[in-house]
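Report on the structure
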Amino acid sequence: MKRNTLLRSAAATLLAACVLPVAAQPAPNAAAGFPARPIRIVVGYAPGGANDILARLLAQKMQEGLGREVVVENKPSTAAIVGSVAVATAAPDGYTLLMGASGPIVFNPALYERLPYSPTRDLVPVSLVGTFPLVLSVAANAPYKSVAELAAYTKANPEKSNYGSSAASFRLATELLKNRTGIRADHIPYKGSMESINGVASGQLTLTLVDSGPAMGPIKGGLLKGLAVTSPQRIAALPDVPTMAEQGIDLTIQFWSGLLAPAGTPRAIVDKLAAEVQRIVRLPDVRERMAALAIDPAGSTPEEFARVIASEIPLWAGVAKANNIRAD
């Protein structure tokens, strides 16, 4: 009887081992010879934007650190979908990577009923590269000096109050701001952050919630007034602009850029790439360049990056549903 029990136990153990998914099998030498050829970083936006600049900065330093050519390939399209698909369907070998922004990873699932890729099934997080807050901006000569005063004005003058956003992600962020503050303002779409900034400066718009990089110059130049930043702490680039929390508002929004790889990429290669990103964002010249863009260096583990994605997808899906905002 004991012999039969032992045989059944051994057979069950063998069967369990046979049905384990391939990804679960250890591959300790997967990164030993990596990289053996050039690496490609795909950017889903046109050249010149913050995501593209970060990708090129990362590529230069990765090339120096890994000893292989690292090239940046731009695949601009609506909502960065084309570039995301290109990486999601690439061979999972670490040679094709995505410089992903918040938009295609956590906002697109909230905005599109059907996507040709899944950010959580088809891509694996490698490391966050940088984060940046948004700045609630109004005209320099606007009478309100705080978020509460702005909210009071829009409640008293709803027919005169509006906001501009350059993408669905900024619209969702502004709708969340409205939900948390009581601001009343109609949405007007714009093609870019600088256009919405100009709309506020010229008096066509009441407010805009924009990324910190484009907002810096106009605020420092006296065209705009920053009422609040959405980061947990004040940012060095705009030290006089208070946080939402300082004004009693429970609202933290951090947009980000991060490196992702096709799902199925060996963990040893993912870890090697993550370590390289962590090394790069600690370099003084990299930190200086990122500070000029009002981007905070990150450098995370794959698990930390995955937690950010997992927490933000349902957040923005809820905002989109509550405000009936779709991109389809």
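Let me sum up the structure you'll find in this document. Remember, it's a predicted structure, so these values are computed and weren't measured experimentally.

Thoughts on the overall build of the protein chain
- Broken down by element type, the protein chain carries 11 helices and 10 strands.
- In terms of overall dimensions, the protein chain has C-alpha extents of about 85 × 50 × 35 Å along its principal axes.
- Taken across its 328 residues, the protein chain has 49% of its residues classed as buried.
- A separation of at least 24 residues holds for 76% of the contacts in the protein chain among residues at least 6 apart in sequence.
- Working note: accessible area of the protein chain is about 15,300 Å², and carbon and sulfur atoms make up 55% of it.
- Across the protein chain, the 31 positively charged side chains and the 25 negatively charged ones have centroids separated by 6 Å.

Details of helix α9 (residues 267-280)
- Across its 14 residues, α9 extends 20 Å between first and last C-alpha, which sits within 8% of the 20 Å expected from 1.5 Å per residue.
- Ile269, Val270, Leu273, Ala274, Glu276, Val277 and Ile280 are the residues of α9 that are buried. For α9, the arc enclosing every buried residue in end-on projection is 160 degrees, short of the 170-degree limit, so these residues lie on one face.
- Of the surrounding elements, those touching the buried residues of α9 are α2 (50-66), β3 (96-101), β4 (123-139), β9 (254-262), α10 (284-292) and α11 (302-322).

Regarding the environment of Ile325
- Checked against the element boundaries, Ile325 lands in the segment after α11.
- Accessibility expressed as a relative area gives 3% for Ile325, which makes it buried.
- Along the chain, Ile325 and Ala110 lie 215 residues apart, while their C-alpha atoms are 8.7 Å from each other.
- Apart from the residues within four sequence positions on either side, Ile325 is in contact with Ala110, Leu111, Arg171, Leu172, Glu175 and Ala320.

Some thoughts on the pairing of β3
- β3 sits mainly inside the fold: six of its six residues count as buried.
- Residue alternation in β3 divides its side chains into two sets, Thr96, Leu98 and Gly100 and Leu97, Met99 and Ala101, and both sets are buried.
- Sheet topology places strand β1 (residues 39-43) next to β3; three bridges connect them, and they run parallel. Residue Val42 lies in a different strand from β3, and its bridge partner there is Leu98.

Here's the deal with unusual backbone geometry
- With an omega of -5 degrees, the peptide bond between Phe34 and Pro35 qualifies as cis.
- Inspection of the secondary structure assignment puts Pro35 in the loop between α1 (2-19) and β1.
- With phi around 60 degrees, Ala79 is a residue other than glycine that occupies positive phi space.
- Relative to the helices and strands, Ala79 is located in the loop between β2 (70-74) and α3 (81-88).
- Phi angles above zero are rare outside glycine, and Ala80 is one such case at about 60 degrees.
- As for its position among the elements, Ala80 is in the loop between β2 and α3.
- The exposure class assigned to Ala80 is buried, which follows from its relative accessible area of 2%.

Some words on the packing of helix α6 (residues 168-181) against α11
- For the pair α6 and α11, interaxial distance at closest approach is 10 Å and the crossing angle is 75 degrees. In this view, α6 runs roughly perpendicular relative to α11, as classed from their interaxial angle. Within the contact between the two elements, α6 uses Leu172, Ala173, Glu175 and Leu176 and α11 uses Trp316, Val319 and Ala320.
- Grouping the amino acids of the contact of α6 with α11 by side-chain chemistry returns six nonpolar, no polar and one charged.

A word on helix α7 (residues 193-201)
- Turning to α7, its buried residues are Ser193, Ser196, Ile197, Gly199 and Val200. Axial view of α7: buried residues confined to an arc of 160 degrees, hence all on one face.
- Contact partners of the buried residues in α7: β4, β5 (162-165), α6, β7 (207-211), α8 (212-220) and β8 (224-229).
- Within two residues after α7, Gly203 carries a phi angle of roughly 90 degrees, on the positive side.

Brief notes about the packing of aromatic side chains
- Within this structure, the stated rule accounts for seven aromatic pairs.
- Measuring from ring centre to ring centre gives 5.3 Å for Phe170 and Phe255, while their planes differ by 55 degrees; the resulting arrangement is tilted. Taken together, the residues span a long stretch of sequence, with Phe170 in helix α6 and Phe255 in strand β9 at a distance of 85 residues. As far as the burial class goes, Phe170 and Phe255 line up, both buried.

The rules behind the values
Within every chain, residues take consecutive numbers counted from 1 along the sequence as written. Local features in this predicted model are restricted to residues whose pLDDT is 70 or higher, and side-chain atom pairs enter the listing and the counts only when it is 80 or higher, whereas totals over whole chains, interfaces and linings include all residues. Values reported for side chains reflect all heavy atoms of the structure, with hydrogen atoms and water molecules removed beforehand. For the purposes of this entry, the term helix denotes a DSSP run of H or I that reaches at least four residues, the term strand denotes a run of E that reaches at least two, and both are numbered from the N terminus. With a 1.4 Å probe rolled over the protein chains alone, any residue whose accessible area is under 20% of its type maximum counts as buried; one over 50% counts as exposed, and the rest are partly exposed. Pairs of residues are marked as contacts when any of their non-hydrogen atoms sit within 4.5 Å. Residue exposure ignores everything except the shown protein chains as possible cover, and the areas themselves are Shrake-Rupley values with a 1.4 Å probe. Neither His nor the chain termini are counted; the positive set is Lys and Arg, and the negative set is Asp and Glu. Where a charge sits is defined by one atom per residue type, namely NZ (Lys), CZ (Arg), CG (Asp) or CD (Glu). By definition here, a helix of n residues has an expected span of 1.5 Å times n minus one. Read the arc as the range of directions from the helix axis to the C-beta atoms. Only strands joined by at least two bridges in the DSSP assignment are considered to pair. Only the contacting stretch of a helix is used when fitting its axis, a line to C-alpha atoms as for every element, and angles between N-to-C directions run 0 to 180 degrees. Oblique is the label for any angle not under 35 degrees, not over 145, and not in the 65 to 115 range, which are roughly parallel, roughly antiparallel and roughly perpendicular in turn. Side-chain classes are defined by residue name, with Ala, Val, Leu, Ile, Met, Phe, Trp, Tyr, Cys and Pro counting as nonpolar, Asp, Glu, Lys and Arg as charged, and the others, Gly among them, as polar. For this analysis, a ring pair means two rings from Phe, Tyr or Trp (six-membered ring only for Trp) whose centres lie within 6.5 Å, classed as stacked if their planes differ by under 30 degrees, edge-to-face if by over 60, and tilted for the remaining angles.

Any functional reading would require information that these geometric values do not contain.
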